[in-house]
Amino acid sequence: MSSPAQERRSGVQLLSAALLLLLLSLSGCSCMDVLMPSNINALNGTTIKIPCTFTSCYRMDATKFAMNWTYQETLNDTEEMFMTFHKKKGMVPLRSEKFGERVTFAGNLDKNDLSITLSDVQLEDEGIYNCYVKNPPDRIQGHGVIQLNVVTKLPPPRDSTIAVAIGASVGGALALLILSMVVVKCLRRHRKQELISEEKMEEEGKLEAEGVAEEGTKQP
C-alpha cells in the first residue's frame, strides 16, 4: 500500500499536469486566423464580393468584439477606414468619398464571416483591402490583406479549334497506322498459309512418286 506522502506527491503531480495542459490549451487560443485570398479580380462596372472570415477559440461577444475594413491604394499609402463594427448596430459602413454607398455588409457574424460587397466597381477601386479583427479574450488582433485588381474586359475564352484539329489529325494517323499493321499482318498470315500449302503439296507429290517407284520394283 502507498503511504500518505506518496499519495500527496501523486496528487501534486496530477494537479501540475492538469495546470500545464490548461496553460497549453489557453496559449493555443491566444490568437486568431483571418482567412481571405491574397488577390481577387473584378470586372469594371460589376459587383464583387470581397471575402473575409476568421477562426477563433472563443465565441464572439458583441460588447468586446471589434473589426475594421480599410482601403489603401498601395502599401505606402494611408489607410482609409470605410466599415466598422458597432456594438449595437453591428457592421456599419462609414461615410466615404471614395466608395459612397457602394459598400455593403455581405457576411454573417454568427459564422465569423465579415465579407463585404462592392458594387459598380471602378478602376479607382483597385488597391489593397485590409480586414482587422479583434475577438477578446484572444489577445492578438487578426489582420487579413487582399489585393483587388480591376479589369476592363474578361480574358477571351480558350479556342479549342486547334486542339480539336490536332486531336483529329493524331487520331486519324493512329487509325491509319493500326489499319496498316492489320493489313500487313493479314498478308503475312496469308502468305504463310500459302507456303504451308505448297510445302504440303510438294510433300504429298514426293510420297506419291515414291509409292509408284516401290510398286514398279515389286513387279517380276
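Residues numbered from 1 in each chain as written. Predicted model: local features only at pLDDT ≥ 70, side-chain atom pairs only at ≥ 80, totals over all residues. Heavy atoms only, no water.

Asker: Explain the nonpolar core to me, please; I cannot follow it from the model alone.
Answerer: The tendency in soluble globular proteins is for nonpolar side chains to be buried as a group. In terms of nonpolar packing, the biggest core is built from 30 residues, with Trp69, Phe82, Leu114 and Tyr129 touching the most fellow members. Within the residue set of this core, elements represented by two or more residues are β2 (39–43), β3 (48–50), β5 (66–72), β6 (80–86), β9 (116–118), β10 (127–134) and β11 (142–151). Discounting chain neighbours no more than four positions away, the residues touching Phe82 are Trp69, Thr70, Tyr71, Pro93, Leu94, Ser96, Phe99, Val103, Ile116 and Tyr129. (Core = buried A, V, L, I, M, F, W, Y, C linked by side-chain atoms within 4.5 Å. Buried < 20%, exposed > 50% of the residue type's maximum accessible area, 1.4 Å probe, protein only. Helix = DSSP H or I, 4+ residues; strand = E, 2+ residues; numbered from the N terminus. Contact = heavy atoms within 4.5 Å.)

Asker: Help me understand the pattern of salt bridges, please; the structure alone is not making it clear to me.
Answerer: If charged atoms from side chains of opposite charge come close, those side chains can pair. Across all of its chains, the model carries one salt bridge by this definition. For Arg102, the salt bridge identified is with Asp125, shortest N-O distance 2.8 Å. Linking Arg102 in the loop between β7 (90–93) and β8 (103–105) with Asp125 in the loop between β9 and β10, this pair joins segments that are 23 residues apart in sequence. Of the residues examined, Arg102 reaches a relative accessible area of 15% and is grouped as buried. Judged by relative accessible area, which is 1%, Asp125 ranks as buried. (Salt bridge = Lys/Arg side-chain N within 4 Å of Asp/Glu carboxyl O.)

Asker: Would you mind going over the state of the cysteines with me for this structure?
Answerer: A covalent bond between the sulfur atoms of two cysteines is referred to as a disulfide. Counted under the stated rule, the structure contains one disulfide. In this model Cys52 forms its disulfide with Cys131; the gap between the sulfur atoms is 2.2 Å. Linking Cys52 and Cys131, the disulfide has an S-S dihedral of approximately -85° and is accordingly described as left-handed. One end of the pair, Cys52, is in the loop between β3 and β4 (53–55); the other, Cys131, is in strand β10, and 79 residues separate them in sequence. Of the residues examined, Cys52 reaches a relative accessible area of 0% and is grouped as buried. A residue is classified by how much of its surface remains accessible, and Cys131, at 0% relative accessible area, is buried. (Disulfide = S-S within 2.5 Å.)

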